[in-house]
Amino acid sequence: MAQGERTPNVQALNGNAPLFAGPSFAPIFLPVPIGGFPAIHRSDPDAIRRNIDPRQLAVWESFPQSTSAAIQVFGRGYPRTDEAKSDTDTIREVLVELTGCPDVEVAAPIAVDSPITGGSAAFPGPVTYFARNLTEAAAAHLKTHTYWSTGKLSLFAYGLSPVIPDLLFTLRGFTTTDDKLLHDTIRDTMFSPTTRLFTLSFALTNPRFHEYSYERIIVTLMHSFRIHVISDSSPGAAYVNVYCSSPTTSPDTWRLWRDGLRTLKYWHGFGGVGKPAPSWEYVCRDCHGDDHTWCHCPFNTLMGWNLSRALVDL
C-alpha cells in the first residue's frame, strides 16, 4: 500500500491498516516525489459529481458523509453495465484491505439521462464511485491522504461536497511557449485596472478579506496567480493552464467570476491570442484532473505508482 499527501514533501504512513495477505495487494514502494505528490486540478467546484444522475446523488448525500468517501479509480472511466459489478467488488475488496472495515459498500455511478457508455466529448460519463459504512477514522484518513496505490488498483478518495478550484481555464492559440511572456501577458490582462474592479466586487462578501484594503486584496490574489505551459505536438503550439485563488467562497459566484475572465482578450503582439478552450478537452482519463490530457498525466511519472517500476519522462 502506498499513499500520498496532498501537501508537498510529506508521506504519512498508515500503521493501523492491515497488510495485504495475497499478491493482489502486494505493498508498493512509493517514494515521495521530488517536490511532493502531484495536485489534481478541477475545472469546476462540482467536478467530483460531474454528470451523475441527481437522484443517485441525493441518495449518496443522504448517508453520513463522515463515514463515506467519493472514489475515483486511476485509469478507469465510466463503467458499462456489465462492468459495474466487477468494478465495485474490486474497489470494495481494496477498501476493506486498506481500512479494515468489513462492512464497506461501494456503488457505481449512474449517468444523467443514461448517455451512451463513455458519454460524448462534451458530456463524459461519470467516473466517481461512492463508498459508505466506513468508520469515521477510516473515511477521514482516506480523504485526507487522497492518493492510494495497491497491487490491485490505484485510487483517489474525496468528499462529495463542492470545492472551489484554483484552476480557472485553459488558454490555447498562443504562438509562443515563452513562459515569462505568457505569464505577464495573462496576469496583466486579468489584473488590469478595469478588471480589478470586477474582481473586487466578488471579494467584498468574503470574510477572509473583511479587514483587507482593496489594494491588499488584489495583491493577495496576484500572488496566487500562476500559469503552466504545456507544449503541444505542433511546432510552437501550446496550451496554457491559468490558476488563481478565488475571491469568493460561493461556488456559483466563483463561476460568474471565472466566466467573466474567460471573456477577456489575452493578446500579445508577438505571442498571438489565447482563447479559453472547452473544459472537457483537457480531462485526463487516468487521474481525472482537468488541466491536462492523459499523455501528460504527472502520475505516470511516479516511481511505484500503479505498479510502475521506473520514472517516465513525459
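Check the entry above for the structure.
**Q** What's the story with helix 4 (residues 179-190) in this structure? I'm lost.
**A** One turn of an α-helix holds 3.6 residues; hence residues three or four places apart share an orientation. Compared with an ideal rise of 1.5 Å per residue, which puts twelve residues at 16 Å, helix 4 spans 16 Å between its outermost C-alpha atoms and is within 8% of the ideal. When helix 4 is considered as a whole, its buried residues turn out to be L182, D184, T185, I186, T189 and M190. Tucked inside the fold, the buried residues of helix 4 contact strand 7 (167-174), helix 5 (193-203), strand 8 (226-231), strand 9 (238-243), helix 7 (251-262) and strand 10 (266-268). For helix 4, the N-terminal capping position is held by D178, with its side-chain oxygen 3.1 Å away from the main-chain nitrogen of K180.

**Q** Can you help me understand the pairing of strand 6 (residues 154-158) in this one?
**A** Regular strands place their side chains on alternate faces of the sheet. Within strand 6, five of the five residues are buried, leaving the element largely enclosed by the surrounding structure. Burial along strand 6 is two-sided: S154, F156 and Y158 facing one way and L155 and A157 facing the other are all buried. Bridging between strand 2 (residues 69-73) and strand 6 involves four bridges; their strand directions are antiparallel. Residue V73 lies in a different strand from strand 6, and its bridge partner there is L155.

**Q** Just to check I follow, could you spell out the environment of P109 for this structure?
**A** Here P109 shows up in the loop between strand 3 (105-107) and strand 4 (128-132). Look at P109 and you get buried, because its relative accessible area is 6%. In contact with P109, other than residues within four places in its own chain, are Q56, W60, Y78, P79, P126, V127, T128 and Y129.

**Q** What exactly am I supposed to notice about the sheet that holds strand 11 (residues 272-276) here?
**A** Two strands in a sheet stick together by hydrogen bonds in their backbones, pointing the same way (parallel) or opposite ways (antiparallel). Strand order in the open sheet formed by five strands is 8-9-7-11-10, and the pairing between neighbours is antiparallel. Two strands lie at the open edges of the sheet, namely strand 8 and strand 10, each paired on one side alone. The average angle at which neighbouring strand axes cross in this sheet is 25°, direction not considered. Where strand 7 meets strand 11, three bridges bridge the pair, whose relative direction is antiparallel. Following the sheet pairing, R172 is matched in strand 11 by K275.

**Q** What exactly am I supposed to notice about helix 6 (residues 214-224) here?
**A** Where helix 6 is concerned, the buried positions are I217, I218 and L221. Taken down its axis, helix 6 places every buried residue within 95° of arc, on the same side. Helix 6 presents E215 and H223 as exposed residues on the side facing more than 90 degrees away from its buried surface. The elements touched by buried residues of helix 6 are helix 5.

**Q** It is not clear to me how the packing of aromatic side chains should be interpreted in this structure. Could you clarify?
**A** We describe a pair of aromatic rings using the distance from one ring centre to the other and the angle between the two ring planes. Applying the stated criterion to the full structure yields 16 aromatic pairs. Consider the rings of F169 and Y266, whose centres lie 5.9 Å apart with planes at 55°: the pair is tilted. A residue pair is termed long-range when its members are at least 10 positions apart, and F169 in strand 7 and Y266 in strand 10 qualify at 97 residues. F169 sits in the buried class, given a relative accessible area of 3%. A residue is classified by how much of its surface remains accessible, and Y266, at 0% relative accessible area, is buried. Among the aromatic residues, those joined into a ring-pair cluster are F37, F74, Y147, F156, F299 and W305.

**Q** Explain the pattern of salt bridges to me, please; I cannot follow it from the model alone.
**A** Under the counting rule described, the total for this entry stands at 19 salt bridges. R187 serves as the salt-bridge partner of D184, at 3.6 Å between the closest nitrogen and oxygen. With D184 and R187 both in helix 4 and three residues apart, this pair spans about one turn of that helix. A relative accessible area of 23% places R187 in the partly exposed class. When salt bridges that share partners are traced, they join D44, D46, R49, E61, D252, R255, R258 and D259 into one network.

**Q** Help me out: how do you make sense of the side chain of T248 in this one?
**A** Inspection of the secondary structure assignment puts T248 in the loop between strand 9 and helix 7. A polar atom in the side chain of T248 sits 3.1 Å from the backbone nitrogen of S250. Setting aside residues no more than four positions away along its own chain, T248 makes contact with I164, F202, N206, T253 and W254.

**Q** Would you explain the state of the cysteines in this entry?
**A** Cysteine pairs can be linked by a disulfide, which is a covalent bond between their two sulfur atoms. For the structure shown, the criterion picks out zero disulfides. Summary of cysteine pairing: C284 is not part of a disulfide, and the nearest cysteine sulfur, belonging to C297, is at 3.8 Å. Classification of C284 by relative accessible area gives buried; the value is 1%.

**Q** I tried to follow the nonpolar core on my own but got confused; where do I start?
**A** As a rule of thumb, nonpolar side chains are buried together in soluble globular proteins. Grouped together as the largest cluster of nonpolar side chains are 26 residues, with contacts concentrated most on L168, I186, M190 and V242. It is strand 7 that provides the largest number of residues to this core, a total of four residues. Every residue in contact with M190, bar those within four places of it in the chain, is listed here: L168, T195, F225, V242, C244, L261, L264 and Y266. Among the nonpolar cores identified, the runner-up in size contains 22 residues, and V73, L98, V106 and A108 belong to it.

Analysis parameters
Residues numbered from 1 in each chain as written. Predicted model: local features only at pLDDT ≥ 70, side-chain atom pairs only at ≥ 80, totals over all residues. Heavy atoms only, no water. Helix = DSSP H or I, 4+ residues; strand = E, 2+ residues; numbered from the N terminus. Expected span 1.5 Å × (residues − 1). Buried < 20%, exposed > 50% of the residue type's maximum accessible area, 1.4 Å probe, protein only. Contact = heavy atoms within 4.5 Å. Polar contact = N/O pair within 3.5 Å; in protein donor to acceptor, adjacent residues only side chain to side chain. Pairing = 2+ DSSP bridges. Axes fitted to C-alpha atoms, helices over the stretch in contact; angles between N-to-C directions. Arc of directions from axis to C-beta. Phe/Tyr/Trp six-rings, centres within 6.5 Å; stacked < 30°, edge-to-face > 60°. Salt bridge = Lys/Arg side-chain N within 4 Å of Asp/Glu carboxyl O. Disulfide = S-S within 2.5 Å. Core = buried A, V, L, I, M, F, W, Y, C linked by side-chain atoms within 4.5 Å.

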